[in-house]
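Notes for the structure review
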Amino acid sequence: EPEKQQLWEIINDELQDILKKYSLFFSKKQMKIFNDPIHGHIAMHPLLVKITDTPQFQRLRHIKQLGGTYLVYPGASHNRFEHSLGVAYLAGCLVKILHDNQPELKITKQDFLCVQIAGLCHDLGHGPFSHVFDGLVIPKAKKIKQIKGLPDNIPEKWKHEQMSVLMFDDIVKSLKAENEDVLKEHELDDRDVSFIKELIEGAKDSDAEWTYKGKNEDKSFLYEIVANKQNGIDVDKWDYFARDCHHLGIRNSFDHQRLLKFARVCKINGRNHICFRDKEADNVYDMFRTRYTLHRQAYQHKICNIIEVMFAEALLLADRDLYEGKPEDMLKISEAIKTAEEYSKLTDEIFEQISSSTAGNLQKSRDILDKIVRRKLPKFVGEARLTEKNMSKEELTTTWKAAVQKYKLDNPTVSLNDEDLPVYVVDLDHGMKDKNPIESVYFYSKRNPNEASTIKDYQLSSFLPKRFNEELVRVYYRRTDGQTAEDKKEEKKKVEEAEKCFQIWCSNNFGLQTK
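Residues numbered from 1 in each chain as written. Predicted model: local features only at pLDDT ≥ 70, side-chain atom pairs only at ≥ 80, totals over all residues. Heavy atoms only, no water.

All right, on to the domain arrangement of the chain then. We note that the domain assignment places domain 1 (28-301) and domain 2 (379-430 + 468-514) within the chain. Taking only C-alpha atoms into account, the centre of domain 1 sits 39 Å from that of domain 2. Domain 1 puts 9 residues into the contact, and the matching count from domain 2 is 10 residues. For the pair domain 1 and domain 2, the two sides together bury roughly 840 Å², of which 47% comes from carbon and sulfur. Summed over the three residues of domain 1 that lose the most area to domain 2, namely Y292, R296 and Q300, the buried surface amounts to 60% of that side. A salt bridge links E383 to R296; the nearest nitrogen and oxygen atoms lie 2.8 Å apart. Inspection of the region where domain 1 meets domain 2 yields 4 residue pairs in polar contact (both at pLDDT 80 or more). Here the side of domain 1 that touches domain 2 is built from residues that sort into 3 nonpolar, 3 polar and 3 charged. (Domains from an automatic or database assignment. Contact = heavy atoms within 4.5 Å. Buried area = accessible area lost by both parts, 1.4 Å probe. Salt bridge = Lys/Arg side-chain N within 4 Å of Asp/Glu carboxyl O. Polar contact = N/O pair within 3.5 Å; in protein donor to acceptor, adjacent residues only side chain to side chain. Nonpolar A, V, L, I, M, F, W, Y, C, P; charged D, E, K, R; others polar.)

Our next topic: unusual backbone geometry. For K106, which is not glycine, the phi dihedral falls at a positive 55 degrees. Exposure remark for K106: the relative accessible area of 52% places this residue in the exposed category. The phi angle at K326 is positive, at roughly 45 degrees, despite the residue not being glycine. Along the chain, the position of K326 falls in the loop between α12 (302-318) and α13 (340-343). Accessibility expressed as a relative area gives 39% for K326, which makes it partly exposed. (Buried < 20%, exposed > 50% of the residue type's maximum accessible area, 1.4 Å probe, protein only. Helix = DSSP H or I, 4+ residues; strand = E, 2+ residues; numbered from the N terminus.)

Their axes nearest at 9 Å, the elements helix α5 (residues 109-121) and helix α8 (residues 190-201) cross at an angle of 50 degrees. By the angle class used here, α5 and α8 are oblique. Where α5 crosses over α8, the handedness of that crossing is right-handed. Touching C114, V115, I117, A118 and C121 of α5 are D192, F195, I196, L199 and I200, all from α8. Broken down by class, the residue content of the contact of α5 with α8 amounts to 9 nonpolar, no polar and 1 charged. (Axes fitted to C-alpha atoms, helices over the stretch in contact; angles between N-to-C directions. Parallel < 35°, antiparallel > 145°, perpendicular 65-115°, else oblique. Left-handed = near helix turned anticlockwise from the far one by under 90°.)

This is the structure:
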């Protein structure tokens with residue numbers, strides 16, 4: 001009958017619209033395949049491919065994932081580029097599992113794309129040698145400007161995520177310049193762009209009033225996929241744990257593929273959060289333990305750390321914006337964070353740029369980089385784990401200097417100068433400083449999959465540590481330049497005396513555990 005036929009056509013059209021909106025199926029013709037050493041063959045949406053084919057993203061090929069760690073672990077030659085592809089892939093995997101297992105979440109194709117794009121672009125803001133730039137160079141540059149009375153427009157607590165947002169804006173601008181409808185073609189709009197930027201920075205406070213504009217509060221769980229500020233469990237870590245362990249040659253006991261299968265969204269205190277099956281508590285703890293292991297064995301390795309300190313020192317000495325008059329033969333470094341255009345020029349290639357330069361004002365930077373290349377590094381004197389009594393770096397430095405000055409040398413032919421024996425403090429934890437990270441994770445049971453709560457103590461292994469953070473104090477001996485054979489012998493004697501002084505300082509003054 002004509003009326004029924006017309007009604008059926010209307011219903012069919014509406015069903016097709018719903019299917020188009022909520023289905024995460026993409027035609028194989030649309031997708032591009034990447035062969036990744038960690039995740040195998042991964043399919044990428046054409047919009048993600050367009051983003052990867054921009055200068056802003058291709059720049060990540062020239063930024064080492066682990067900075068100076070590559071100079072200690074020869075296998076750690078991987079870059080931010082492949083890590084970003086891996087995070088985008090895992091973000092898609094997690095969204096798809098939640099979509100398939102819980103259709104009531106009403107995850108749309110646009111949600112899927114936005115989360116994948118955020119995963120792809122989350123590290124666009126990394127500078128030379130990755131965390132060396134935002135962890136050492138920029139904070140020190142700000143202090144130098146303040147001390148010298150130079151104009152200081154570096155934001156407080158500047159982080160690479162802020163730059164990632166700026167770089168992503170620049171990518172959107174460049175794509176729209178080529179095709180104004182590039183987002184509309186994939187049913188994305190300006191609100192989705194805001195959503196992606198919010199995902200990159202992560203939702204800060206789970207208890208506060210919902211202020212995010214990208215998505216309504218019922219989609220709050222999407223903000224925990226790329227950068228989880230609630231408990232630290234996100235696909236960014238899942239990828240770099242697997243990737244870094246692979247390239248470093250360190251065993252990874254955490255199984256992210258298994259945890260993916262047991263992810264589920266539950267409502268907690270009126271807000272949707274990603275939770276995990278209760279039997280996966282030990283696997284979750286393995287994740288946090290893997291983080292600690294990587295920091296202890298690789299990221300905060302005693303030689304990696306001092307190399308990165310030297311990298312930072314070289315960049316600061318080469319930064320023209322830290323000098324009156326901004327000498328033209330120096331490099332624009334700290335001021336480059338103002339614009340995406342200038343920042344795009346900053347990569348690890350600055351190492352070669354300084355090394356091959358003949359500029360007189362870059363001589364000191366060249367000398368430092370030359371020492372790194374020739375392995376003329378400060379000598380490691382000793383390391384100690386601080387006890388529960390917290391001490392600032394300033395206090396430790398003051399007491400160490402006093403100990404050096406009071407120390408009675410066993411060998412009267414040498415002398416120790418506290419200026420040649422700098423102190424460094426290293427913080428190690430499981431991701432949440434002194435807190436047990438498991439306490440911030442919610443778990444559901446097989447019988448009650450829609451109700452989640454924190455895990456009970458009796459459900460966890462009794463072998464878990466009582467403390468979840470520690471501080472290490474390290475002392476190095478700075479080498480002198482242009483050493484003769486006699487100088488090297490004297491240096492060896494000085495290091496031996498410094499080691500004895502360090503042992504006495506640790507045991508007598510602070511009751512520290514030495515190594």
